[in-house]
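Structural description and commentary
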Amino acid sequence: MNGRALAGRLLPVWAVLVALLLGMVPVGLAGVNPAAAYEEILRGALADVYGFATTLVKTTPLLFAGLGIAVALRAGLVNIGAEGQIYMGGLAAAVVGLSVHGLPSVVHVPLALLAAGAAGGVWALVPALLKVGRGVSEVITTLLMNYVAIYLVSFLAGGPLMEPGAPYPYSRPLDAAAQLPVIIPATDAHAGILLALALAGFLHLIFGYTAVGFRVRMAGANPAAAAYAGVRVHATLVAAMVASGALAGLGGASEVMGLKHRLFDAFSPGYGYDAIIVAFLGAGQPLAVVATAFFFGALRSGADTMQRSLGVPVAIVFAIQGLTVLFLAASLALQGRLLRWARGWPQVAATLPAAVATGVTDPERR
Amino acid sequence: MEGITKRFGPVLANDRVTLAVRRGTVHALLGENGAGKTTLMNILFGLHAPDEGRVLLRGRPVEIRSTREAIRRRIGMIHQQFTLVPPLTVAENIVLGLPPRRGVFLDLRRVEREIESLSRAYGLDVDPRLPVWALPVGMQQRVEILKALYRRADLLILDEPTSVLTPAESEALFAIIRRLVAEGHSVVFISHKLEEVMRISDTITVLRHGRVVDTVRTADTTPAELARMMVGRDVVLRLFKGPPRAGGPALEVDDLHAVGDRGLPALRGVTFTVARGEILGIAGVDGNGQAELAEVIAGLRRPTAGRIRIDGRDVATPAGRRAVADRLAYIPADRGRFGVILDFTIAENLALKAFHRPPFSRGPVLDRSRIIDHARALAERFDIRMNSVLQPVRQLSGGNQQKVVLAREMSGEPVLIVAVQPSRGLDVGASEYVLRTILEQRDRGAGVLYISMELDEVLGLSDRVAVLYGGEIMGIVRPGDARLEDISLMMAGSLRTAQTAAPAQ
Amino acid sequence: MGGVFSERSGVFNIGLEGMMLFGALAAVMGSHYLGGPWMGLLGAMLVGGAIGLLLAYVSVGLGANQIVSGVGINLLALGMTTFVARMVLRPAGVEQVPAFQIVAVPYLARVPLLGPVVFTQTPLVFITLLLAPALALFLFTTPWGLAVRATGELPRAADTAGIHVSLVRYFGVIASGVLAGMGGAFLSLGQLNLFSENMTAGRGFIALAAVIFGKWHPLGALGASFLFGAAEALQLFIQTYNLGIPYQLPTMLPYVLALVVLGGFVGRSVAPAAAGVHYGREDR
């Protein structure tokens, strides 16, 4: 790989570094040593057991949803509905966990996960059908589905499923057999991360080494050529969307079964939206998504420590993440331009359909 | 326009073209696709700047650097692709980009009235309040004309206006053109259709390969003479071609009907046979059903009636299609759309149709090393110039991209090859390579359906040539036997001959 | 209205939430440091417009993905506003600031039933009610509004007509930023008199739904927003008086309806056809 290729591959890293640099400015202006602040973040995220556990906990839902969105991206679809799919997945898992008793964990857990995946998948099916059937942009439909899901969960967690006498809306605790085991003793870190990592590896294999993955990529990159080559494009797109929703749904299940052990009203503080960034930063590559999800999770976790010890608000980390996204999106676009002028530049986003890297996909353009 | 020369990279689109349009006349620009007609008018309309030469308007030299300027100088152009915004009304479309009429407001009511009177004055009969999407194509074109008139265009350029019209709508258009001229406007009518040009124009300039062949008065010429000028005795392909050794039928098409993208009929009862070991060329001017014919045979478009048999197998059902998938090769005109996936690697593109079968797949799993080896071998055999098989195809030159398509499609020893404009956009060397490959395949025993707008190529390469006009076969002839004039007349729709239906023996 | 503008010109502005939040903060700071709620409003409009410019540059100028950029703006907004609120405002003791007071429109305020409800509000509400028809007028009866609409439907046609597509889109996005900023100013200075972290609470996203439900028309957006607002009010009402109906039901309804609206249109979609698709020189 020549020097330029390497530089191109490292583009996300550049974007992050620049954003981190810029982030130092407000921190410094607020009277805190930026270097110390970053040190605290690193320390908090990785150096001690509790911090690391928190990192894992925060990474898990991002990873699930990020993988889901990545799958959709490879098919050329933008799934903004991960948030709603997370809620539906969490809901389904909670329902299974609350209503079924007497099953051993080995059965109960997969059952709940299956329900969650199905719920998330169904939630993505509606926008998928509207897209291939009516040409309606999935950006809009998935966004709308989010609200329906959030309010549905709010209703159920505060009503029929609610713990009697609870001060705010949350459900009764899930059956013990439906809860995910803790992997680092005396912390919150639960087995959800292991499942997510396994799925990431599995998806990596699918997209890199199987005919199924090849088909999805074809449909995303050039539906006309794919149709000529015999791919059933519409079916493939719907399947990708459903898989995307299922993965996000598992993220919701993981939160409910592993972290909270109950269904809480508004249990996701925007994981589904953050996961969009995670997926894009990882260029839709499952293993890269692991890295970006971990990066986000670590930043959020370390930020808590930074706030405790230095008094710098956690919020600055959000700002840094926002800047990272903007820089990366801009650099991807610029790179697209450069490619048109100079042959020889490799495409970092070669894994993302070009139409998605720059503009939102449009049914007409297909 | 004097001595206009325009180059696009290596392609010489206009070569010292001189054209004089007299006020109050209809001046036709006649020529085949790629002759340089549209480019010339785009220069006049300010879309391009000429490399050499100058433009004089009303006797005075001018430099037209933008469409805005062209419009200011009272030139209007109606392109083949309309620039109307569908959800907006006629009035809104016409007034788009113009300054407000009353203070800051559009004053659509006044605009509508003005459009109505203008429309009546020219016999255009357009209701300004209707949204554009609700209008039939013929009326949309009239809106485009109104747009130009509303901006007080003196000189109107119509680029292949009848290509999207039904015969009845074309008649109406001619009436409008006569009206325009009566009112003192000048019209430049770009077309490839002989008959129309004879009917509507006062003067005709024939272009061929970017050069002016001649300019004549319509009254002084005949269709045959025009045909000869358009086609000429040009370079015949310097390829050695042995006699065909025809075998059984590779493709049988029977009474095929199909509808195009706009809903108009594109194929009207096409019947022919391509034998194994022969090349059947389809000649004709673009837009007469060639694209649809190729798509229907390749399985990308469903016919509305008729039968297609490939290697004896009926392909009307998905099962039939799957059965012949290996025996059919398709070299599309738009390779970026149907031929390759630009963002995929060369290796992936070479395995595009066969990836899910052994040896490229074992069960659900892809055998990547096999795919790469296969790609390397093919690249060697077909001389694809690249850095590595893992490069994205987008980075290859046009010629090499076409080689990827060829390599993939031909390597499977197909029975039928459908090639549409395979040498388009390629330099001479790449062009020759492509044509040579096709000849090789034919000698090997494949049947080739060769569709091209380059008449020289079709005539030089094919064993038999079918001329397609308006979705119908006007005649099937042998290139050696037929007169060029007859062929061009068939291309113009003025002549039907007996069909040499039997493949060459 | 901001969303309508932006999408009509061809840009999905997912960053409305962030622009509102920036506006809310800017309004409070403007009111405190520059003297009064009107200065706060001005500050909100300027800051909102500036963030709009940022989004426009990244997505229209550079051609980056509009969704991703928008989400980035939202994150940036959440981060920066919270940070500033805690590290600048709180230490400086800036809490409650001069805000808009309720004003009664002379004569109209005494109209029975409607008077106390509609005509006795903070000035921002009146501005909103007047702005919607004004924007509708702009969009549908002026040549610049026509240019905006054309750009969002078929940029090529607008380009051929001599309209500068990028410029129009910049305008659309900046305008949406200004309007979103005003929305934020209402939250902090119109209903309350302070800034609290993440006070927009997803309203920017609800606005996107309102755009769809209102069929990309300023008056439609007004009506849809009214519907969403009514749903929220109904929700509070049900909660306060413990009526036993699940309050989420009326809140969910507008979204379901919006989905139905979208699904019911075959082929000829109601959304601006070129929304979300980048148009550059190579597309000519």
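Model, not experiment: these values are computed from the prediction. (Residues numbered from 1 in each chain as written. Chains lettered and ligands numbered in written order. Predicted model: local features only at pLDDT ≥ 70, side-chain atom pairs only at ≥ 80, totals over all residues.)

1. Brief notes about the overall build of chain B
Put simply, the test is: Numbering of helices and strands runs from the N terminus; a helix is a DSSP stretch of H or I covering at least four residues, while a strand is a stretch of E covering at least two. Values of the radius of gyration come from C-alpha atoms, whereas the globule rule sets the reference at 2.2 Å times the count of residues to the power 0.38. Exposed residues have 12 or fewer other C-beta atoms within 10 Å of their own C-beta, buried residues have 20 or more, and residues in between are partly exposed; the C-beta atoms are placed from the backbone.
A tally of regular secondary structure across chain B gives 17 helices and 22 strands. A globule of 505 residues ought to have a C-alpha radius of gyration of about 23 Å, and chain B, at 25 Å, matches this closely. Taken along the three principal axes of its C-alpha coordinates, chain B extends 75 × 50 × 45 Å. Buried residues in chain B amount to 47% of all 505 residues.

2. Some points on the interface of chain C and chain A
Quick reminder of the rule: By the convention adopted here, residues make contact when the C-beta atoms placed from their backbones lie within 7 Å. Each residue is assigned to one class: nonpolar for Ala, Val, Leu, Ile, Met, Phe, Trp, Tyr, Cys and Pro, charged for Asp, Glu, Lys and Arg, and polar for all the others, Gly among them.
Every contact between the two is made by 44 residues of chain C and, on the other side, 51 residues of chain A. Within the residue set of the side of chain C that touches chain A, elements represented by two or more residues are helix 4 (66–89), helix 10 (203–213) and helix 12 (248–263) of chain C. If you tally residues by element for the side of chain C that touches chain A, the top one is helix 4 of chain C, at 16 residues. For the side of chain C that touches chain A, the class distribution of residues is 29 nonpolar, 14 polar and 1 charged.

3. Regarding the confidence of the model for chain C
The following threshold applies: pLDDT expresses, on a scale from 0 to 100, how confident the predictor is about each individual residue.
Averaged over all residues, the pLDDT of chain C equals 84, while 95% of them reach at least 70. Across the predicted assembly, pTM comes out at 0.80 and ipTM at 0.81.

4. Quick notes on the pairing of strand 21 (residues 464–469) of chain B
Residue and element names in this part refer to chain B. As a reminder, the rule being used: Strand pairing is assigned whenever DSSP detects at least two bridges linking the two strands.
Within strand 21, 6 of the 6 residues are buried, which leaves the element mostly enclosed by the surrounding structure. Side chains Arg464, Ala466 and Leu468 project from strand 21 onto one buried face, and the interleaved Val465, Val467 and Tyr469 project onto a second face that is buried too. Across 4 bridges, strand 13 (residues 279–283) lies against strand 21 in parallel orientation. Opposite isoleucine 282, over in strand 21, you have alanine 466 as the bridge partner. Of the strand pairs in this sheet, strand 21 and strand 22 (residues 472–477) are connected by 5 bridges, and their pairing is antiparallel. Residue pairing in the sheet places alanine 466 in a bridge with isoleucine 476 of strand 22.

5. Considerations on helix 13 (residues 368–381) of chain B
Residues and elements named next belong to chain B. For the record, the criterion: Helix span, expected: 1.5 Å multiplied by one less than the number of residues in the helix.
Compared with the 20 Å implied by 1.5 Å per residue over 14 residues, the 20 Å span of helix 13 between its first and last C-alpha is a close match. Tucked into the core, helix 13 has its buried residues touching helix 12 (346–350), strand 18 (365–366) and helix 14 (398–410). In the stretch just after helix 13, aspartate 383 is the one whose phi turns positive, near 55°.

6. Things to note about the domain arrangement of chain B
Residues and elements named next belong to chain B. Condition: Each domain's extent was defined by an automatic or database domain assignment.
Here chain B is described as being made up of domain 1 (2–231) and domain 2 (249–491). Inter-centroid distance (C-alpha atoms) of domain 1 to domain 2 is 35 Å. In this assembly, 13 residues from domain 1 lie in contact with 11 residues from domain 2. It is helix 8 (residues 223–231) that provides the largest number of residues to the side of domain 1 that touches domain 2, a total of 6 residues.

7. A look at the sheet that holds strand 11 (residues 249–259) of chain B
Residue and element names in this part refer to chain B. For clarity, the threshold we go by: To define axes, lines are fitted to C-alpha atoms, for helices over the stretch in contact only, and angles between the resulting N-to-C directions are given on a 0 to 180 degree scale.
Read across the sheet, 4 strands follow the order 12-11-14-15 without closing on themselves; strand pairing throughout is antiparallel. Taken across any chain shown, the strands that pair with only one partner, and hence form the sheet edges, are strand 12 (265–275) and strand 15 (313–314). One ladder, built from 5 bridges, connects strand 11 with strand 14 (residues 305–310); its direction is antiparallel. Paired with valine 253 across the strands is isoleucine 308, a residue of strand 14. Along the sheet, helix 9 (residues 290–298) makes contact with strand 11, strand 12 and strand 14, crossing strand 12 at roughly 60°.

8. Concerning the sheet that holds strand 5 (residues 60–62) of chain B
Residue and element names in this part refer to chain B. In spatial order, the strands read 2-1-4-5; together these 4 strands make up an open sheet with antiparallel pairing. In the strand order of this sheet, the two ends are held by strand 2 (11–17) and strand 5, each with one partner. Strand-to-strand twist across the sheet, computed as the mean angle between neighbouring axes with direction ignored, equals 40°. Here strand 1 (residues 2–8) runs beside strand 4 (residues 52–57); their pairing, made up of 2 bridges, is antiparallel.

9. What about helix 4 (residues 108–121) of chain B?
Residue and element names in this part refer to chain B. Heads up, the condition is: By construction, the arc corresponds to the directions joining the helix axis to the C-beta atoms.
Taking 1.5 Å per residue, 14 residues should reach 20 Å; helix 4 reaches 20 Å between its end C-alpha atoms and fits that length. Residues of helix 4 that are buried: Val111, Ile115 and Ser119. The buried residues of helix 4 occupy one face: seen down the axis, they fall within an arc of 70°. Opposite the buried face of helix 4, by more than 90 degrees, sit the exposed residues Ser117, Arg120 and Ala121. Immediately downstream of helix 4, the backbone of glycine 123 shows phi near 70°, a positive value.

10. Considerations on the pairing of strand 11 of chain B
Sheet topology places strand 11 of chain B next to strand 12 of chain B; 8 bridges connect them, and they run antiparallel. Bridge pairing links valine 253 of chain B to phenylalanine 272 of chain B in strand 12 of chain B.

11. Looking at the packing of helix 7 (residues 138–158) of chain A against helix 10 of chain C
Heads up, the condition is: Oblique is the label for any angle not under 35 degrees, not over 145, and not in the 65 to 115 range, which are roughly parallel, roughly antiparallel and roughly perpendicular in turn. In this scheme, a crossing is called left-handed if the near helix is turned counterclockwise away from the far one by less than a right angle; it is called right-handed if the turn is clockwise.
Relative to each other, helix 7 of chain A and helix 10 of chain C sit at 120°, their axes nearing to 10 Å. Viewed along their axes, helix 7 of chain A and helix 10 of chain C adopt a mutual orientation that is oblique. Relative to helix 10 of chain C, the crossing made by helix 7 of chain A is left-handed. Across the interface between the two elements, Ile140, Leu143, Leu144 and Tyr147 of chain A from helix 7 of chain A touch Phe205, Leu208, Ala209 and Ile212 of chain C from helix 10 of chain C. Along the lines of polarity and charge, the residues of the contact of helix 7 of chain A with helix 10 of chain C split into 8 nonpolar, no polar and no charged.

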